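Survey of secondary and tertiary structure
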Amino acid sequence: MTPESQASEALPSRRSRALRGGRHRGDESFLLPPGSPALILAVPGPASGQAGAVAAELARAVELENTGQPAVVASLGGGPDGLGAVLSQLAPSRPDEPAAVVVPLVTGPDPAIMSVVAAAVATAPVPVVFADPLGPHPLIAEGLHDRLAESGLARADRIRMMTMVTEAGGVVVAPPGDQSAVRQAEITSVLLASRLACPVFTASLDDEAGLRGAAEQLRASGVRTVALAPHLIGPEVSPDRITRAAAAVGGTAAAPLGAHPALARLAALRYAEALAAALI
């Protein structure tokens, strides 16, 4: 069963999906019926600049490739585009369902971000629920694999019949945050190692000693070259943090996930899961 079919089956039976044709729809995407609760993408920081551009691209992908309904972008940084302001403008919901589902645009549990989302939801004038973070999930590993392949640091997905030179013999997956974030990202690292058939270690993007230690362990196992896979969407951190992390492992960094299609699929899946739980 694919993540997309899981997403569609996560919705209650009274929300049967209707597949649509056309170049924008994936084979197993699902459509939301008119009047469904709004899907709100909660962006860490301001909803402008790079963060806003990535979120807007993901919102378009959620609509075109997955749900058929517009997704709303809201900032966790406050202001007129802030989550609180967006929630205050929602129309009252049907008696049996929330008016919206807030999906945090983060690749793993982040207590600080989740507390901001929870506070905004708790003070909303209409019933609102919030979803789990996007990861951990196999789709995150798929996205990291693609970004490594695009940088020439890993072989591309064999399904796509592409041939690329593999520069890295080992990979360090680097999420931002503390050891709890590292533990969550370790799930993705295991999945990525299975895809790449090479050793993968995990260390915090903010822990240079941990990054160096992970790279040393890889080299001690016989790995000659090490790549860094930033376990993040991108706007959460400044580019220089990724540059410093790459220097710590003594290797090249792949690009962050950005508006990878896998994240749009995950946003739709998390929406479906949260809505199904709310309607039980």
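Some details on the sheet that holds strand E2 (residues 71-75)
Taking strand neighbours across the sheet as the criterion, the four strands line up as E2-E1-E3-E4 in an open arrangement whose pairing is parallel. The open sheet has two edge strands, E2 and strand E4 (128-130), and neither has a second partner. Between one strand and the next, the sheet's axes are offset by a mean angle of 30°, whatever the strand orientation. Bridge count between strand E3 (residues 100-104) and E4: three bridges; the pairing is parallel. Following the sheet pairing, Val102 is matched in E4 by Phe130.

Considering the pattern of salt bridges
Counted according to the given criterion, the structure contains seven salt bridges. Measuring nitrogen to oxygen at the nearest pair gives 2.4 Å for the salt bridge that ties Asp206 to Arg241. Note that Asp206 is positioned in the loop between strand E6 (200-202) and helix H7 (208-220) and Arg241 in helix H8 (residues 239-249), a separation of 35 residues in sequence.

Describing the confidence of the model for the chain
Across the chain, pLDDT averages 85, with 85% of residues at or above 70. Per-element confidence in the chain is highest for E6, whose mean pLDDT is 98, and lowest for helix H1 (residues 3-10), whose mean pLDDT is 41. Contacts for the low-pLDDT stretch residues 1-28, under 50 throughout, to residues beyond four places or in other chains number 56 contacts. With pLDDT under 50 throughout, residues 158-165 is counted as low confidence; its partners more than four residues away or in other chains account for 11 contacts.

A closer look at the nonpolar core
Counting 45 residues, the largest nonpolar core has Leu41, Val103, Leu148 and Val171 as its most contacted members. Mapped by element, the contributors of at least two residues to this core are strand E1 (38-43), helix H2 (49-67), E3, helix H5 (138-150), strand E5 (170-174), helix H6 (179-196), strand E7 (226-230) and helix H9 (261-278). A per-element tally of this core places H9 first, with nine residues. In terms of nonpolar packing, the next biggest core, distinct from the first, is built from 19 residues, Leu76, Val102, Val106 and Ala124 among them.

Calculation criteria
- Residues numbered from 1 in each chain as written.
- Predicted model: local features only at pLDDT ≥ 70, side-chain atom pairs only at ≥ 80, totals over all residues.
- Heavy atoms only, no water.
- Pairing = 2+ DSSP bridges.
- Helix = DSSP H or I, 4+ residues; strand = E, 2+ residues; numbered from the N terminus.
- Axes fitted to C-alpha atoms, helices over the stretch in contact; angles between N-to-C directions.
- Salt bridge = Lys/Arg side-chain N within 4 Å of Asp/Glu carboxyl O.
- pLDDT = per-residue confidence, 0-100.
- Contact = heavy atoms within 4.5 Å.
- Core = buried A, V, L, I, M, F, W, Y, C linked by side-chain atoms within 4.5 Å.
- Buried < 20%, exposed > 50% of the residue type's maximum accessible area, 1.4 Å probe, protein only.

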